[in-house]
There are 2 protein chains.
Amino acid sequence: MFRAIDVIQKKRDGQELTAEEIDFFVSGFGRGAIPDYQASALAMAVYFRGMSAAETLRLTRSMMLNGAVLDLSELAGPKVDKHSTGGVGDKTSLVAAPLAAACGVFVPMISGRSLGHTGGTLDKLESIPRFRVSLSLGEFRSVLHQCGLSYIGQTPDIAPVDRMLYALRDVTATVESLPLIAASIMSKKLAEGIDGLVLDVKCGDGAFLPRLEDARALAHSMLAIGHGEGKRIAALVTNMDQPLGRAVGNALEVAECIETLKGRGPRDLASLSIELAAWMIYLGALAPSIDAARARAREALKSGAGIEKLRQVIDWQEGDPRVCDDLSLLPKAAETIAVRAPRDGRVKRIACRIIGQASMLLGAGRSTVTSRIDPAVGIVLHKKIGDLVIDQEPLLTLHVNDRQPLQRCLDLLDHAFDIEREAPPVAPLVREVILPDEK
Amino acid sequence: MFRAIDVIQKKRDGQELTAEEIDFFVSGFGRGAIPDYQASALAMAVYFRGMSAAETLRLTRSMMLNGAVLDLSELAGPKVDKHSTGGVGDKTSLVAAPLAAACGVFVPMISGRSLGHTGGTLDKLESIPRFRVSLSLGEFRSVLHQCGLSYIGQTPDIAPVDRMLYALRDVTATVESLPLIAASIMSKKLAEGIDGLVLDVKCGDGAFLPRLEDARALAHSMLAIGHGEGKRIAALVTNMDQPLGRAVGNALEVAECIETLKGRGPRDLASLSIELAAWMIYLGALAPSIDAARARAREALKSGAGIEKLRQVIDWQEGDPRVCDDLSLLPKAAETIAVRAPRDGRVKRIACRIIGQASMLLGAGRSTVTSRIDPAVGIVLHKKIGDLVIDQEPLLTLHVNDRQPLQRCLDLLDHAFDIEREAPPVAPLVREVILPDEK
């Protein structure tokens, strides 16, 4: 019989835990036999000692199996999801998933909510009037079957130990551990019953892990887990040095996604969405090469199949599909306020995280898990890195309902744009594509 | 206002905590505002990152001040205690304290109980019929005043946060952290209202910290704390490569102490007890030099003043003082079993920890804090390191009541003695005397 203290001590002393030890700890913690204070001590020991690939895989598997795992094998096609580590204005789930689904990929997307400076897919979808994300697993399966795409939130049944452990890590300074992050993400994704997964791992100022090497290490860790579980998997390490697209805030982002699916969206959002959809199609074995998959994704955008898929899923999930044709049906803020350029020049740098924080302050995001979201508010960028600006030209428009946080928000945004005579060339959006090491 | 998570994160990232942060955490944990899972995460971060001398001092002070601190200033003489980090057959508290008290030192001794392979002063004293260690703080003060010496257990009032933290560390693999050990010991000792303290820091196989360098580091840490709190303090780093004296087990050890105070005890026990008493006398400023103090301690033994002091304290604490003249009044085991030498030779090594564990198995110690002690049982050594032995000569005598653990005990003891043709010279008992760095 194992004892929790021995497992903690073994990890503390830098030894590799066995599969049985990890299973013992995860299931014991899950059913309350191992108390929080032992789990937090183990998490801190993992923070310092790390985990081997085998340990991380087992932790993921164990957290996944201590909960419901969906069986979607009756769906007549590949099941591929996409996961982003989160960013500012990061709305590709509402563009890439419809494009991939329009090409025959089943996309069972279990998403999260906004927290801190980053947004969340569920909050964006809920800005569509009456859209319901809290489907039962049966309804989820049914929508998927009919429509090829469904969006829901994490249910209490899926990886419940991850939910408990994450809540504990959040208050014990043990969030920033790569193996724990990788296991947390992957335990939920692998429970979705997918064949393949595309990871969008953000780096840069607006990302959870700003440094490229950390993002790359996280990508490798998640790839190893997915590959170890027999999934087709790829990771794109992408730039989050400025918001993706121009809109930050829930209804504003939905509107931008609709525009993008109609071919009128910002270039960066369209191009990353097509890239992600292409990888979903390719991993779903619906195209012989990534180039062919890219062509299919582009065609789905051009033909309107993508916007039609979004319209369908909104309809299936009880939202008002007319928003796809009439953006005025989305919630609208009471007033708009422009932030203007202090001088002529070029945008050299945008403080991406600050834009996310300012948007959160306006009510578009959550400072704590219990904060309420205002779907209408947010920020629209008129200028991005490299753009030419003229003195007093608008850089940003704030969409405001509550004026109370406005001054703090404006103070934050005061330093959000660096405007210089010259700007460096813009870094490519996709920094790296990483595939698992074949063994 | 501080937040617990920020304090944990700061320590996790290797930064030094401020006095205010430490006070916030200690008092918050003490009153239940900071939960166990944050305290265990901080303890694990301290395990990895350590603590500066200033942090350790503040932690000690904060744990001490979040509880009762005795004021013994009305006692007309120096108040000096002695603390040992624990060992096997380590019974000097019952010899050194009476000798020092006989020389005019007030000894307010708050002691612990046995745990694992090490013994505890309270359990030894309780083998004396009717001896009561659970005095109130008022009774403790009264006995001290009348007799110059009193022995009690840690009360709930003294350093309660240390008690809570220790219980938590014990189940989260965070016991083995030098600053936490030092702060735990010193927070209790400094609450005793003492002017001076002699530390007996054990090293070797039977010690809590076997390695000399760890024992030395712990000694330095405790000295810095005591000195920082304005106490006169010294540390003796002493050998625990074999049991001290010959008896291991509660009543057996009391008998050996009485014999020692009558000048008939084992040399090592007598000599270390005199050394510790001498340092108590010297730190109490009752002798102009350590040599003069040593002479006074020896004289207290020779004159019978030491045994008289022990008799007095037993009487004051409601025990039967006649044990000092009639050892048969102590509890006696039902049978004795000899363990014999397998060959001729010299004792090269004794597995000190195993002897402690075997004694615990017989019932003399606790495997968990709730185990019951049998005061009569234990082990008497007939041979020590360097002694000549003849084939089949008794090495040990087991004093046994319950035969159930006997075979496991004998199996353990099978490898307790290394007997070779030649034995190395015996290491000196006192390895080092360390005094605080004067600043």
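On a predicted model such as this, the values are computed, not experimentally measured, just so you know. (Residues numbered from 1 in each chain as written. Chains lettered and ligands numbered in written order. Predicted model: local features only at pLDDT ≥ 70, side-chain atom pairs only at ≥ 80, totals over all residues. Heavy atoms only, no water.)

Another point: the overall build of chain A. Of the regular secondary structure elements, chain A holds 16 helices and 13 strands. Taking the principal axes of its C-alpha atoms as reference, chain A extends roughly 70 × 45 × 40 Å. Within chain A, the fraction of its 439 residues that count as buried is 57%. By sequence separation, contacts in chain A at least 24 residues apart represent 77% of the contacts at least 6 residues apart. (Helix = DSSP H or I, 4+ residues; strand = E, 2+ residues; numbered from the N terminus. Buried < 20%, exposed > 50% of the residue type's maximum accessible area, 1.4 Å probe, protein only. Contact = heavy atoms within 4.5 Å.)

Assigned domains within chain A: domain 1 (4–50), domain 2 (80–326) and domain 3 (332–420). Placing a centre on the C-alpha atoms of domain 1 of chain A and another on those of domain 3 of chain A gives a separation of 43 Å. (Domains from an automatic or database assignment.)

For the rest of this paragraph, the subject is the side chain of Arg 12 of chain A. Along the chain, the position of Arg 12 of chain A falls in helix H1 (residues 4–12). Within the local environment of Arg 12 of chain A, its side chain forms a polar contact with the side chain of Glu 176 of chain B, the two groups lying 2.8 Å apart. Residues contacting Arg 12 of chain A, with those up to four places away along its chain left out, are Ala 45 and Arg 49 of chain A together with Met 44, Tyr 47, Phe 48, Ala 173, Thr 174 and Glu 176 of chain B. (Polar contact = N/O pair within 3.5 Å; in protein donor to acceptor, adjacent residues only side chain to side chain.)

Residue and element names in this part refer to chain A. Within strand E5 (residues 232–239), seven of the eight residues are buried, leaving the element largely enclosed by the surrounding structure. Bridge count between strand E4 (residues 196–203) and E5: eight bridges; the pairing is parallel. Pairing of Leu 199 across the sheet is with Ala 235, part of E5. The parallel pair E4 and E5 is bridged by helix H10 (residues 212–228), and the resulting crossover is right-handed. Pairing between E5 and strand E13 (residues 430–434): four bridges, direction antiparallel. Paired with Thr 238 across the two strands is Val 430, which belongs to E13. (Pairing = 2+ DSSP bridges. Right-handed = clockwise from strand over helix to strand, strands pointing away.)

Residues and elements named next belong to chain B. In spatial order, the strands read E1-E4-E5-E13; together these four strands make up an open sheet with mixed pairing. One side of each edge strand has no neighbouring strand; the edge strands of this open sheet are strand E1 (80–84) and strand E13 (430–434). Within this sheet the neighbouring strands show an average axis-to-axis angle of 15°, counted without direction. Lying over the sheet, helix H10 (residues 212–228) contacts strand E4 (196–203), strand E5 (232–239) and E13, oriented at roughly 170° with respect to E5. Running over the sheet, helix H12 (residues 267–283) touches E1, E4, E5 and E13 and is turned about 170° from E5. (Axes fitted to C-alpha atoms, helices over the stretch in contact; angles between N-to-C directions.)

Before going further, it helps to examine the nonpolar core. If you look at the biggest cluster of nonpolar residues, it comprises 119 residues, and the most contacted ones within it are Ile 355, Leu 398 and Phe 417 of chain A. Of all the elements, helix H12 (residues 267–283) of chain A adds the most residues to this core, at ten residues. Two domains each donate at least three residues to this core, and these are domain 2 (80–326) and domain 3 (332–420) of chain A. Counting 118 residues, the second largest nonpolar core, distinct from the first, contains Val 198, Ala 234, Leu 276 and Val 377 of chain B. (Core = buried A, V, L, I, M, F, W, Y, C linked by side-chain atoms within 4.5 Å.)

What follows is about the packing of H1 of chain A against helix H2 (residues 19–30) of chain A. Residues and elements named next belong to chain A. H2 packs onto H1 with a crossing angle of 125° between their chain directions and a minimal axis gap of 10 Å. Taken together, the axis directions place H1 and H2 in an arrangement best described as oblique. Where H1 crosses over H2, the handedness of that crossing is left-handed. Residues Ala 4, Val 7, Ile 8 and Lys 10 of H1 form the contact with H2, whose participating residues are Glu 21, Phe 24 and Phe 25. In terms of residue class, the contact of H1 with H2 is made up of five nonpolar, no polar and two charged. (Parallel < 35°, antiparallel > 145°, perpendicular 65-115°, else oblique. Left-handed = near helix turned anticlockwise from the far one by under 90°. Nonpolar A, V, L, I, M, F, W, Y, C, P; charged D, E, K, R; others polar.)

Take the sheet that holds strand E10 (residues 388–389) of chain B next. What the three strands build is an open sheet, ordered E10-E8-E12 (chain B); its pairing is antiparallel. Two strands bound the open sheet, and with one partner strand each, they are E10 and strand E12 (417–420) of chain B.

For helix H9 (residues 178–189) of chain B, spanning twelve residues, the distance from its first C-alpha to its last is 16 Å, which sits close to the expected 16 Å at 1.5 Å a residue. Those residues of H9 of chain B not exposed but buried are Pro 179, Leu 180, Ile 181, Ala 182, Ala 183, Ser 184, Ile 185, Met 186, Ser 187 and Lys 189 of chain B. (Expected span 1.5 Å × (residues − 1).)

Looking now at the state of the cysteines. All names here are of chain A. Using the criterion set out here, one finds zero disulfides over all chains in the structure. For Cys 103, which is in no disulfide, the shortest distance to another cysteine sulfur is to Cys 147 and amounts to 14 Å. In this structure Cys 409 is a free cysteine whose sulfur lies 15 Å from that of Cys 352, the closest cysteine sulfur available. Overall, the relative accessible area of 0% leaves Cys 409 in the buried class. (Disulfide = S-S within 2.5 Å.)

Opposite the 22 residues of chain B that make contact, chain A presents 22 residues. In total, about 1800 Å² of surface goes out of reach between chain B and chain A, with carbon and sulfur atoms giving 68% of it. In terms of surface lost to chain A, no three residues of chain B exceed Arg 12, Tyr 37 and Phe 48 of chain B, which account for 35% of the buried area on that side. On the surface where chain B and chain A come into contact, there are two salt bridges. (Buried area = accessible area lost by both parts, 1.4 Å probe. Salt bridge = Lys/Arg side-chain N within 4 Å of Asp/Glu carboxyl O.)

On to the relation of the copies chain B and chain A. The pair of chain copies shares a relation made of a rotation about an axis and a shift along it. Overlaying chain B with chain A gives an RMSD of 0.1 Å, the required rotation being 179° about an axis along which the chain moves by 0.1 Å. In short, the pair behaves as if placed about a two-fold rotation axis. No C-alpha of chain B approaches the rotation axis more nearly than that of Tyr 37 of chain B, which lies at 1.8 Å. Same-surface contact between copies: 100% of interface residues of chain B are shared with the interface of chain A. (Least-squares fit on C-alpha atoms with pLDDT ≥ 70 in both.)

Let us look at the packing of aromatic side chains. Throughout the structure, instances matching the rule amount to seven aromatic pairs over all chains. Measuring from centroid to centroid gives 4.5 Å for Phe 48 of chain A and Phe 48 of chain B, while their planes differ by 10°, and the two rings are stacked. Of this pair, Phe 48 of chain A sits in helix H3 (residues 36–49) while Phe 48 of chain B sits in helix H3 (residues 36–49), each in a different chain. Assessed through its relative accessible area of 23%, Phe 48 of chain A is described here as partly exposed. Aromatic side chains Tyr 47 of chain B and Phe 48 of chain B sit 5.2 Å apart centroid to centroid with 80° between the ring planes, which places their arrangement in the edge-to-face category. Through successive ring pairs, a cluster of aromatic residues spans Tyr 47 and Phe 48 of chain A together with Tyr 47 and Phe 48 of chain B. The aromatic ring of Tyr 282 of chain B is capped on one face by Arg 232 of chain B, whose charged end is 5.9 Å from the ring centroid. (Phe/Tyr/Trp six-rings, centres within 6.5 Å; stacked < 30°, edge-to-face > 60°. Lys NZ or Arg CZ within 6 Å of the ring centre and 35° of its normal.)

A word on the pattern of salt bridges. All chains considered together, the criterion is met by 72 salt bridges over all chains. For Arg 12 of chain B, the salt bridge goes to Glu 176 of chain A, with nearest N and O atoms at 2.9 Å. One end of the pair, Arg 12 of chain B, is in helix H1 (residues 4–12); the other, Glu 176 of chain A, is in the loop between helix H8 (160–170) and helix H9 (178–190), on a second chain. Judged by relative accessible area, Glu 176 of chain A falls into the partly exposed class, the value being 38%. Glu 335 of chain A is the salt-bridge partner of Arg 403 of chain A, the closest N and O atoms lying 2.7 Å from each other. With Arg 403 of chain A in the loop between strand E11 (394–400) and helix H16 (406–413) and Glu 335 of chain A in strand E7 (residues 335–340), this pair connects stretches of sequence that are 68 residues apart. Glu 335 of chain A sits in the partly exposed class, given a relative accessible area of 24%. Among the ionic contacts, a cluster of salt bridges with common partners joins Arg 113, Asp 123, Glu 126 and Arg 366 of chain A.

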